[in-house]
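A closer look at the structure
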Amino acid sequence: MTSPTSPVSAPDSAPVSAPISAPSLALSPEATSSPVLAEVVRSGFVEGRHRGSLVVLAADGSVEWSLGDAAAPVFPRSANKPMQAAAVLRAGLDLAGERLALSAASHSGEPFHLDLVRTMLTEHGLTAGQLQTPPDLPLDPAEAEAYLAAGNVREPLTMNCSGKHTAMLAASALNGWPLDSYLAQDHPLQQMILEGVRKASGEEVAHIGTDGCGAPLMSLSLTGLARAFRYFVLAEPGTPERRVADAMRAHPEYVAGTRRPDTWLMQALPGTLSKMGAEAVQALALPDGRALAFKIDDGAARTLGPVLARVLRRMGINHPVLEKIEDVPLLGGGARVGEIRAAAF
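Residues numbered from 1 in each chain as written. Predicted model: local features only at pLDDT ≥ 70, side-chain atom pairs only at ≥ 80, totals over all residues. Heavy atoms only, no water.

Digging into the overall build of the protein chain
- Scanning the protein chain from N- to C-terminus turns up twelve helices and twelve strands.
- A compact globule built from 345 residues should have a C-alpha radius of gyration of about 20 Å, and the protein chain, at 19 Å, falls within 12% of that.
- Seen through its C-alpha atoms, the protein chain measures out along the principal axes to roughly 55 × 55 × 40 Å.
- Taken over 345 residues, the protein chain has a buried fraction of 55%.
- Charge separation in the protein chain, taken as the distance between the mean sites of 29 positive and 36 negative side-chain charges, equals 3 Å. (Helix = DSSP H or I, 4+ residues; strand = E, 2+ residues; numbered from the N terminus. Rg over C-alpha atoms; globule rule 2.2 N^0.38 Å. Buried < 20%, exposed > 50% of the residue type's maximum accessible area, 1.4 Å probe, protein only. Lys, Arg positive; Asp, Glu negative; His and termini not counted. Charge placed at Lys NZ, Arg CZ, Asp CG, Glu CD.)

Some thoughts on the packing of aromatic side chains
- Summed over all chains, the structure comprises two aromatic pairs.
- Their ring planes at 40° and their centres at 6.4 Å tell us that Trp65 and Phe345 sit as a pair that is tilted. With a gap of 280 residues between them, Trp65 in strand 3 (residues 63-67) and Phe345 in the segment after strand 12 (335-342) connect regions that are remote in the sequence.
- Overall, the relative accessible area of 12% leaves Trp65 in the buried class.
- The exposure class assigned to Phe345 is buried, which follows from its relative accessible area of 17%.
- Plain terms: the ring middles of Phe112 and Tyr254 are 5.0 Å apart, the flat faces sit at 80° to each other, and that makes the pair edge-to-face. Placement of the pair is Phe112 in helix 3 (residues 111-123) and Tyr254 in helix 9 (residues 252-255), with a sequence separation of 142 residues.
- What makes Phe112 partly exposed here is its relative accessible area of 24%.
- For Tyr254, a relative accessible area of 14% puts it in the buried group.
- Above the ring of Trp65, the side-chain terminus of Arg314 is found at 3.7 Å from the ring centroid. (Phe/Tyr/Trp six-rings, centres within 6.5 Å; stacked < 30°, edge-to-face > 60°. Lys NZ or Arg CZ within 6 Å of the ring centre and 35° of its normal.)

A short note on the nonpolar core
- Judged by nonpolar contacts, the single largest core of 68 residues is most densely connected at Met83, Leu95, Leu189, Leu225, Phe232, Val244 and Leu273.
- Among the elements that make up this core, the one with the highest residue count is helix 7 (residues 222-234) (nine residues).
- Counting residues in each nonpolar core, the second largest holds 30 residues, with Leu37, Trp264, Ala343 and Phe345 among its members. (Core = buried A, V, L, I, M, F, W, Y, C linked by side-chain atoms within 4.5 Å.)

Digging into the environment of Leu234
- Among the secondary structure elements, Leu234 is positioned in helix 7.
- Taking relative accessible area as the criterion, Leu234 reaches 10% and is therefore assigned buried.
- Distance from Leu234 to Gly333, taken between C-alpha atoms, is 48 Å for residues 99 residues apart in sequence.

Description of helix 7
- With 13 residues, helix 7 should reach 18 Å at 1.5 Å per residue; the first-to-last C-alpha distance of 18 Å fits that figure.
- Among the 13 residues that make up helix 7, 13 are buried, leaving the element largely enclosed by the rest of the structure. (Expected span 1.5 Å × (residues − 1).)

Comments concerning the pattern of salt bridges
- Under the definition given, this model contains 18 salt bridges.
- With a closest N to O distance of 3.6 Å, Arg198 and Glu195 form a salt bridge. Of this pair, Arg198 and Glu195 both sit in helix 6 (residues 188-201), three residues apart, which is roughly one turn of the helix.
- Look at Glu195 and you get partly exposed, because its relative accessible area is 43%. (Salt bridge = Lys/Arg side-chain N within 4 Å of Asp/Glu carboxyl O.)

A word on the side chain of Ser34
- Inspection of the secondary structure puts Ser34 in the segment before strand 1 (36-42).
- Judged by its relative accessible area of 5%, Ser34 falls in the buried class.
- Filtering out sequence-adjacent residues up to four positions away, Ser34 remains in contact with Arg51, Gly52, Ser53 and Asp297. (Contact = heavy atoms within 4.5 Å.)

What about the confidence of the model for the protein chain?
- Per-residue confidence for the protein chain gives a mean pLDDT of 93; residues scoring 70 or more make up 91%.
- The low-confidence segment residues 24-31 (pLDDT under 50) makes ten contacts with residues lying over four places distant or belonging to another chain. (pLDDT = per-residue confidence, 0-100.)

Have a look at this one:
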């Protein structure tokens, strides 16, 4: 088993794409009773259970194991952001480093995040008033408290997707595309994103909805989502997909924040690409081409760390960072009385 702390070059023969297929919209019998992936344990008593589905891909891209229905379409939410960021590069926008990482981010709203969004807007001749993100507080609770204590109010710029939207606006301005409709499904940039999602996942998009930030949201199966993350880490250097993966892995604090599991994982496990999405979605790819994706049916984000740590251990990863991301305590009277833990799978 390859050590997670030592990046591995993908075999030259490793495929980075797969034939396009369309996931069925009909739920399979397994999906009607998803397995329990996490438990809520208070004072030694299991008071709640969270069900979901997950898939793990082997280094060659085949399905190594899965639970639940990994073929049914889900909305990956912000786990689609690497594919959205790759599209702005294909549109000709020249981003790199922290700027490119922020373009694929669900940032925490820490001062360095907001400062860079403002800088990027200025660099591309844009204003915060052109952002079509809904007004919001910083995603990180501690940052939200500090933000409100300073007398601030919800703003579009503070919303966790503002880096992505800034990149979308900049790419549209560069190409002379409409700025007031940059979130429309038929906008040239959104069509490029759709094609990129198809290419990376190897499957057709079964449904298009609207994400929390207002951007078009393409559904994928969990298998397709894991395949897309694998595609990014194995892409040829210099391609849009590899440039996005490299920027995210080099600057993980801009992808999430200083107190977020995606950041901790990418810092601790070199070469790992990790991104969560709302409604309890998680996708991750290791540098050797192994990948995973899962979704908790009820959208409980508190389960992500414990379940992800359990899956990575089953994949042979052993690192202290897993203890950090799986620790989700339950409190009673201000004291720890239980935890959210992964089920025995």
